[in-house]
Amino acid sequence: MLQVERVQLADRSSSRRAQVGTLYLTAFHTIFVDNEVHNELWVLHSLVCNVEKLSITSCGYPLLIRCKNFQVIQLLIPKENDCNDVFVSLLRLSRTERYEELYCFSFMPNVDKAARGQAWDFLNLKAEYNRMGVSNKLWHTTSVNREYRVCDTYPADLYVPKSASLPVIVGSSRFRSKGRFPTLSYYYRETQAVICRSSQPLSGFSARCLEDEQMLEAIMKSNPGSRFMYVVDTRPKLNAMANRATGKGYENEDNYTNIKFQFIGIENIHVMRNSQQKLIEVSDLPSPSMGEFLLGLETSDWLKHIKSILAAGTFIAKAVAEEGVSVLVHCSDGWDRTTQVCSLASVLLDPFYRTLKGLMVSSVCYEYTREIVHKLYQLLNVLIEKDWVSFGHKFSHRYGHVVEEPKEASPVIDQFLECVWQLMEQFPCAFEYNERFLISIYNHVHSCHYGNFICNSEKERKDLGFWRGLYNHFDRGLHPRQSVLDSLMAIKEETQQLEEVLTIYQQKLAGVGREQANDLFVKKHGMKNSQGLWAEPTQIRLANSPQDYNGGNLVSGPKDLLPQQRKTNLDLSLFGDTSESSDPDNSDQESEGADFSCHSCSGGASPPSEDSVKDPDSDDPAFNNA
Amino acid sequence: LFTSRMEFAELIKTPRVDGVVLHRPFLPTVEGTLCLTGHHLILSSRQDNTEELWLLHANIDAIEKRHVAIGYCDLPKTIFIGSLGTIIVKCKDLRIIQLDIPGMEECLNIANSIEALSTLDSISLMYPFFYRPMFEVIEDGWNLFSPEEAFKELESMTDEWRLSEVNKDFSICPSYPVLVTVPKDIDDDSLCKAATFRHGGRFPVLSYYHKKNGMVIMRASQPLTGTSGRRCKEDEKLINATLRAGKRGYIIDTRTIAVAQQAKARGGGFEQEANYPQWRRIHKAIERTNILQESLIKIVEACNDHSNSMDRWLSKLEASNWQSQVKEILTTACLAAQCIDREGASVLVHGTEGTDSTLQVTSLAQIILEPACRTVRGFQGLVEREWLQAGHPFQHRCAQSAYSNEKLRSEAPVFLLFLDCVWQILRQFPCSFQFNEHFLVMLFEHTYASQFGTFLGTTAAERVKLKLSQKTVSLWSWVNRPQELERFLNPLYEPNSLVIWPSVAPQSLLLWEGVFLRWNRSTKCLDEAYEEMVHIIEYNKELQLKVNSLRRQLAELETEDALPQTP
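Chain B has the name Myotubularin-related protein 9 in an unreviewed UniProt entry, where Electrophorus voltai is given as its organism. Its UniProt record gives chain B the following Sequence similarities (unreviewed entry) comment, quoted word for word: "Belongs to the protein-tyrosine phosphatase family. Non-receptor class myotubularin subfamily."

Looking at an unreviewed UniProt entry, one finds chain A named Phosphatidylinositol-3-phosphatase, with Electrophorus voltai as its source organism. You can read under Sequence similarities (unreviewed entry) in the UniProt record for chain A the words "Belongs to the protein-tyrosine phosphatase family. Non-receptor class myotubularin subfamily."

Shown next as structure tokens:
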């Protein structure tokens, strides 16, 4: 463990406060402990994206740590040696070379063994397909891929049409890239239409394969209500055509009976990666004008990509639910775009993946303890498990868990989560989980916190929004200062307590066990103040102080500046000669994150990641970019 | 009244047509009878379950006519059966509806009548003068917000100000009200002299007094320094009188320094440092009215563009500059509030005329600083004081909206931008406002077309001349009735006594969908969520009441129990 004293933690979003404290580097975390208030900031090494040494200043050696969850931490270390040590250690620690070193293999969550076992039991895909109500007459599990003989990126147990014989499946797999033959992804009970997934066919310019054609026909016929099926290639047409030159490609409508072929142009991972990079740069601009922000958003093309994924999901969901037509989805290898699109269609089709109506404020939200969160994960995990992990989505490659392979990294699941968020914005009552839940999934994907992720609109809308909650997650000054969600959750909690108290009173009035009831009452009220492991103490103080509204020309409340900084700022002050212009202790203190009444006590900006829970500094979002 | 009825009759050639089909956003198509009256376009299907359309002519911004010939082709000749005319009605509240009218002549007549009736220039022919309320006026909105009352409140906090009647016949400043609040030590003669030095006679007056530290926001119009650098001792004395001993203040000029320089050539200008040494001038860049109107036209066009490309949407949104205007106005207001609350310095705000951007800034700053302005009543008072009394020319600014093809005169969405900024703050502090988004949208609608007289006229003087308070009903008389008010109350409201500092970063400012996408998108899901929220809160309140009453009952029982034991 490395320990460095007298380190300054700068708040990038405001110039006025730099905390001084001690920096610890442990096997898995970087920890900063504030000397004065002993607040702690914890950052997982696996979340660290890159570490950068900035040019030396008069007070020390600055180090900039950028995290995959868009947190940026700027440290000022007094001695050069220490700075180098931290730098080298962080570089080493954030680049895990072996799976065993990942945090999830040593993380012992406060969940008992049974609960953990249950989580893994959820991987039982069979149970999930049973829940969908897959017809046993038309579909069955095949043992063709036992011991991963046919396709090593598919799970061992797969659903295929009952009418597809073993030779047909094997033949079809030989005609598909990486052996990924068409197999069941989602069964829609009401129409018996299905979503199947595969990789691209090895059709080249003219090759065909009888078994593959029979396989598709078997899928089409497994939906008795329809006379044709859609084959959706989620790539742009040009890309698919280019693949033909390498012996791959797409289905020729003439060779397959009763298919309708359709391109839905979702770009490849490289385009997506660059797009997200641009988006991150936009969200990172120090103080952009409206024009810079909107044009940056536009040139990133990010929302265009999100829209294309939503459009594909919508197309498939409509085909299955409204037309009752089965769909086969593929892209190139069938593990990125295909996965996104199949999952999204499932979210659109099946309330189970959104779970419980009226969910914006369900009971689970406010008992935000780790156990509950864990259970919530299981819900979405079923989906992520089904479509992503078991079908070989390359988590480690895409999210850079083990040894950087920059060309393989891509925001595939980020986009899926964002699509779900966009849907949530449109249908606030349709989802049991909320934005925070998506962001914590995001963080877990990128931090390998839980084991699950490791190993390999319904209508057209143009005005999709920028996901401030994710990309500017840590720039608290940018978030609403009061949160409707938090207020409602507090009200819900209070309602629950009131219901309990009401029962107690009614019992009391009926003369039943007066003393007992009193005890219970006290207990319940005591509970109100206890916070779950996931509740952030920092939320209690409301982020509320002015931003820089005049490009740094006004010096507003430089209360906690270090002496050196205070001096420079005073020089910028309009009336440097008068003392009252920057009076350090005027009566405004009350508005510095004073407690708004109980319902709105938790501020809107709330980093859900456990790693940032201990960050103390939420009351000061002022970001003077001077 | 009689003559005006005659005038209307002359304009209506075809008062009613049967078999008209109405298409509206999110409502089923209705077939029925179209009637034109002097002030309304009415479509009624005469069935109980369908909603009638009552549209004020004043709400119509533009119309388009289309003709479709109906016939069938029986070669070699086409047989003509009749014609169907279509009128697209574009409203000032940004809604677009379509009327299919059988018969070419009827259609043309209707279109001509609508065009004439929706562009009547005479204020006295406006609907508010004909409207008779269907409800009993319990609390007359015209008497709710008097300057005397406001001054009484000020007097309870400080004795440094006085109410002056210098403008009692509107001769000193035509756009000011009779009563204005000025520093106690400045006499009416000085005010008259200062008025000659300010554009339109708008000498500096009190806009807001910050109780916490006694700092003030003053507002005025630009000083008439001209190219020669004219000065006015009375003006200097007037604004210096607002400063406490040894204190300094800020002058926020809402124009860029370049624009302010150019104004000198036309006799305007800005305060020179040499003549106002106790003041520091800050220039911001709030656009002039005609640019704001262009911005409105462009953003509405972008929102109504149904082509689905994401690129075009973002470019168009950016090119409209609407969000930039919101950002700049909000930033300037925050700056003014910051000077007052954080710097402990008084502020004088002005632009050119002092009737537009100036009022946006002073009124928004009050919403940030003063919790009372975030209540329904307080907000109404703010609109009265800072907009109506302060002489914002609603009649001119709201004569046309985003669709009009007419040549622009002095139309500008100045008040709409103010409402948009309030909405942005409301979004960021959803628990700190007593009213909700519907309240703001309602105000937007009534500034452009209304049955109430509140937003008629341009100045206090004109309102007196028109006898609005006697001849028309005040919007507040209607809004403040409990049955109406209910719709406008924010269920999450909890009084917040603090200053609220909004974020002005582009990531934090959203498109006001409630206005701009209102007619393009169904709000069903969002309405459901809102209902659900209301339900949760109401249930909570209900339980609180129950628990409290049981607690009281228990307490009574316990004291009864305890009685026999006490000696």
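Details of the overall build of chain A
Counting secondary structure elements, chain A contains 19 helices and 14 strands. Relative to its full complement of 626 residues, chain A shows a buried share of 59%. Accessible surface, chain A: about 24,900 Å² in total, of which carbon and sulfur atoms supply 52%.

Topic: the overall build of chain B
If you tally the helices and strands in chain B, you get 20 helices and 14 strands. A globule of 567 residues ought to have a C-alpha radius of gyration of about 24 Å, and chain B, at 27 Å, matches this closely. Overall size of chain B, expressed as C-alpha extent along the three principal axes, is 95 × 95 × 55 Å. Residues counted as buried form 58% of the 567 residues belonging to chain B. The long-range fraction of contacts in chain B, counting pairs at least 24 apart against all pairs at least 6 apart in sequence, stands at 71%. Per element, the accessible surface of chain B, about 24,000 Å² overall, is 52% carbon and sulfur.

Here we look at the packing of aromatic side chains
Summed over the entire model, instances satisfying the criterion amount to 27 aromatic pairs over all chains. Both rings, one in Tyr176(B) and one in Phe203(B), keep their centres 5.3 Å apart while their planes meet at 90°; by these two values the pair is edge-to-face. Of this pair, Tyr176(B) sits in the loop between strand S8 (161–164) and strand S9 (180–183) while Phe203(B) sits in the loop between helix H4 (188–196) and strand S10 (205–209), and the two are 27 residues apart along the sequence. For Phe203(B), a relative accessible area of 0% translates into the label buried. Pairwise contacts between aromatic rings join Phe379(B), Trp387(B), Phe394(B), Phe415(B), Phe418(B), Phe433(B), Phe435(B), Phe439(B), Phe455(B) and Phe488(B) into one cluster. Against the face of Phe228(A) rests Lys260(A), its NZ or CZ located 4.3 Å from the ring centre. The side chain of Arg95(B) reaches across the aromatic face of Trp519(B), ending 5.0 Å from its centre.

A closer look at the pattern of salt bridges
Residues and elements named next belong to chain B. Across all of its chains, the model carries 31 salt bridges over all chains by this definition. A salt bridge links Glu-139 to Arg-377, with the nearest nitrogen and oxygen atoms 2.9 Å apart. Within this pair, whereas Glu-139 is found in the loop between helix H2 (104–118) and helix H3 (147–157), its partner Arg-377 is found in helix H11 (residues 376–389), the two being separated by 238 residues in sequence. Among the residues examined, Glu-139 registers a relative accessible area of 34% and is labelled partly exposed.

Things to note about the packing of helix H7 (residues 289–304) of chain B against helix H8 (residues 310–320) of chain B
All names here are of chain B. Between H7 and H8, whose axes approach to 8 Å, the crossing angle comes to 165°. Comparing their axes, H8 and H7 come out roughly antiparallel. With respect to the hand of their crossing, H7 and H8 are arranged in left-handed fashion. Along its contact with H7, which presents Ser-295, Lys-298, Ile-299, Glu-301, Ala-302 and Cys-303, the element H8 presents Trp-313, Lys-316, Leu-317, Ala-319 and Ser-320. Here the contact of H7 with H8 is composed, by residue class, of 6 nonpolar, 2 polar and 3 charged.

Let's talk about the sheet that holds strand S13 (residues 279–283) of chain B
Residues and elements named next belong to chain B. Here 5 strands make up an open sheet; going across it, the order is S10-S11-S14-S12-S13 and the pairing mixed. Unpaired on one side and paired on the other, S10 and S13 mark the two borders of the sheet. Shown here is a sheet whose adjacent strand axes are inclined to one another by a mean of 25°, direction ignored. Relative to strand S11 (residues 216–219), S10 runs antiparallel, the two being bridged by 4 bridges. The partner of Val-205 across the bridge, within S11, is Arg-219.

Comments concerning the sheet that holds strand S5 (residues 48–53) of chain A
Residue and element names in this part refer to chain A. Reading across from one edge, S4-S3-S2-S1-S7-S6-S5 is the order of the 7 strands in this open sheet, with antiparallel pairing throughout. In the strand order of this sheet, the two ends are held by strand S4 (40–44) and S5, each with one partner. Neighbour-to-neighbour, the strand axes of the sheet open up by a mean angle of 30°, direction not taken into account. The pairing of S5 with strand S6 (residues 61–67) spans 5 bridges and is antiparallel. Each residue of the ladder has a partner; that of Glu-52, found in S6, is Leu-64. On the sheet, helix H1 (residues 80–94) packs against strand S1 (2–10), strand S2 (18–25), strand S3 (29–34), S5, S6 and strand S7 (72–77) and is oriented at approximately 155° with respect to S5.

Some thoughts on the side chain of His305(A)
One can find His305(A) in helix H9 (residues 302–323). Beyond its immediate stretch of four places on either side in the chain, His305(A) contacts Glu267(A), Val271(A), Met272(A), Ser275(A) and Gln415(A).

As for the pairing of S4(A)
Residue and element names in this part refer to chain A. The sheet contact formed by S3 and S4 spans 5 bridges and is antiparallel. The partner of Val-33 across the bridge, within S4, is Glu-40. Count of turn residues in the S3/S4 antiparallel hairpin: 5 residues, of which His-38 carries a positive phi of about 55°.

As for the nonpolar core
Core analysis: the largest hydrophobic core is formed by 211 residues, its most contacted members being Trp139(A), Phe379(B), Phe418(B), Leu443(B) and Phe516(B). For Trp139(A), the residues in contact, after removing those within four places along its chain, are Val134(A), Tyr159(A), Val160(A), Pro161(A), Lys162(A), Leu184(A), Tyr187(A), Val194(A), Cys196(A), Ile219(A) and Ser222(A). Of all hydrophobic cores here, the second largest spans 20 residues; its members include Leu23(A), Leu41(A), Val51(A) and Val86(A).

Here we look at helix H5 (residues 233–240) of chain B
It helps to recall that an α-helix has 3.6 residues per turn; residues three or four apart then point in one direction. Residue and element names in this part refer to chain B. Taken together, the buried positions of H5 are Asp-235, Glu-236, Leu-238 and Ile-239. Angular distribution of buried residues about the axis of H5 spans 160°; they occupy a single face of the element. The secondary structure elements touched by the buried residues of H5 are S9, H4, strand S12 (249–253), S13 and strand S14 (346–350).

Topic: the side chain of Arg397(B)
Mapped onto the secondary structure, Arg397(B) falls in helix H12 (residues 394–397). With residues near it in sequence (within four places) discarded, Arg397(B) still touches Thr289(B), Thr355(B), Asp356(B), His392(B), Ser410(B), Glu411(B), Ala412(B), Val414(B) and Tyr448(B).

What about the environment of Ser206(A)?
Residue and element names in this part refer to chain A. Within the secondary structure, Ser-206 is located in the loop between strand S11 (194–197) and helix H5 (210–221). Using a relative accessible area of 63% as the deciding quantity, one classes Ser-206 as exposed. When the C-alpha positions of Ser-206 and Asn-252 are compared, they lie 8.5 Å apart, and in sequence the two are 46 residues distant.

Looking at the packing of helix H13 (residues 414–428) of chain B against helix H14 (residues 437–448) of chain B
Residue and element names in this part refer to chain B. Contact geometry for H13 and H14: axes closest at 10 Å, N-to-C directions at 180°. By the criterion of interaxial angle, the relationship of H13 to H14 is roughly antiparallel. Here H13 contributes Phe-415, Leu-416, Leu-419, Val-422, Trp-423 and Leu-426 to the contact with H14, which in turn contributes Glu-437, Leu-440, Leu-443, Phe-444 and Thr-447.

Overview of unusual backbone geometry
Residue and element names in this part refer to chain B. Backbone geometry at Leu-94 places phi at a positive 80°, although glycine is not the residue there. Within the secondary structure layout, Leu-94 lies in the loop between strand S6 (77–91) and strand S7 (96–102). The residue Phe-170 is not glycine, and still its phi comes out positive at about 60°. Within the secondary structure, Phe-170 is located in the loop between S8 and S9.

A short note on helix H8 (residues 290–300) of chain A
Burial analysis of H8(A) places 8 of its 11 residues in the buried class, which makes it a mostly covered element. Among the residues making up H8(A), those that are buried are Met290(A), Gly291(A), Phe293(A), Leu294(A), Gly296(A), Leu297(A), Glu298(A) and Ser300(A). In this structure, the buried residues of H8(A) make contact with helix H7 (269–284) and H9 of chain A together with H8 and helix H9 (322–341) of chain B.

Topic: the environment of Phe203(B)
Along the primary structure Phe203(B) and Cys431(B) are separated by 228 residues, whereas in three dimensions their C-alpha atoms are 37 Å apart. In contact with Phe203(B), other than residues within four places in its own chain, are Val166(B), Ile172(B), Tyr176(B), Val180(B), Val182(B), Leu191(B), Ala194(B), Ala195(B), Arg198(B), Arg219(B), Ala220(B) and Leu238(B).

Focus: the environment of Leu144(B)
Within the secondary structure layout, Leu144(B) lies in the loop between H2 and H3. The contact partners of Leu144(B), leaving out residues within four places of it in the chain, are Glu139(B), Arg377(B), Gln380(B), Trp476(B) and Asn480(B).

Each value, and the rule that gives it
- Residues numbered from 1 in each chain as written.
- Chains lettered and ligands numbered in written order.
- Predicted model: local features only at pLDDT ≥ 70, side-chain atom pairs only at ≥ 80, totals over all residues.
- Heavy atoms only, no water.
- UniProt positions renumbered as here; feature names shortened; annotations may be inferred.
- Helix = DSSP H or I, 4+ residues; strand = E, 2+ residues; numbered from the N terminus.
- Buried < 20%, exposed > 50% of the residue type's maximum accessible area, 1.4 Å probe, protein only.
- Areas by Shrake-Rupley, 256 points an atom, 1.4 Å probe, with all protein chains shown as cover.
- Rg over C-alpha atoms; globule rule 2.2 N^0.38 Å.
- Contact = heavy atoms within 4.5 Å.
- Phe/Tyr/Trp six-rings, centres within 6.5 Å; stacked < 30°, edge-to-face > 60°.
- Lys NZ or Arg CZ within 6 Å of the ring centre and 35° of its normal.
- Salt bridge = Lys/Arg side-chain N within 4 Å of Asp/Glu carboxyl O.
- Axes fitted to C-alpha atoms, helices over the stretch in contact; angles between N-to-C directions.
- Parallel < 35°, antiparallel > 145°, perpendicular 65-115°, else oblique.
- Left-handed = near helix turned anticlockwise from the far one by under 90°.
- Nonpolar A, V, L, I, M, F, W, Y, C, P; charged D, E, K, R; others polar.
- Pairing = 2+ DSSP bridges.
- Core = buried A, V, L, I, M, F, W, Y, C linked by side-chain atoms within 4.5 Å.
- Arc of directions from axis to C-beta.

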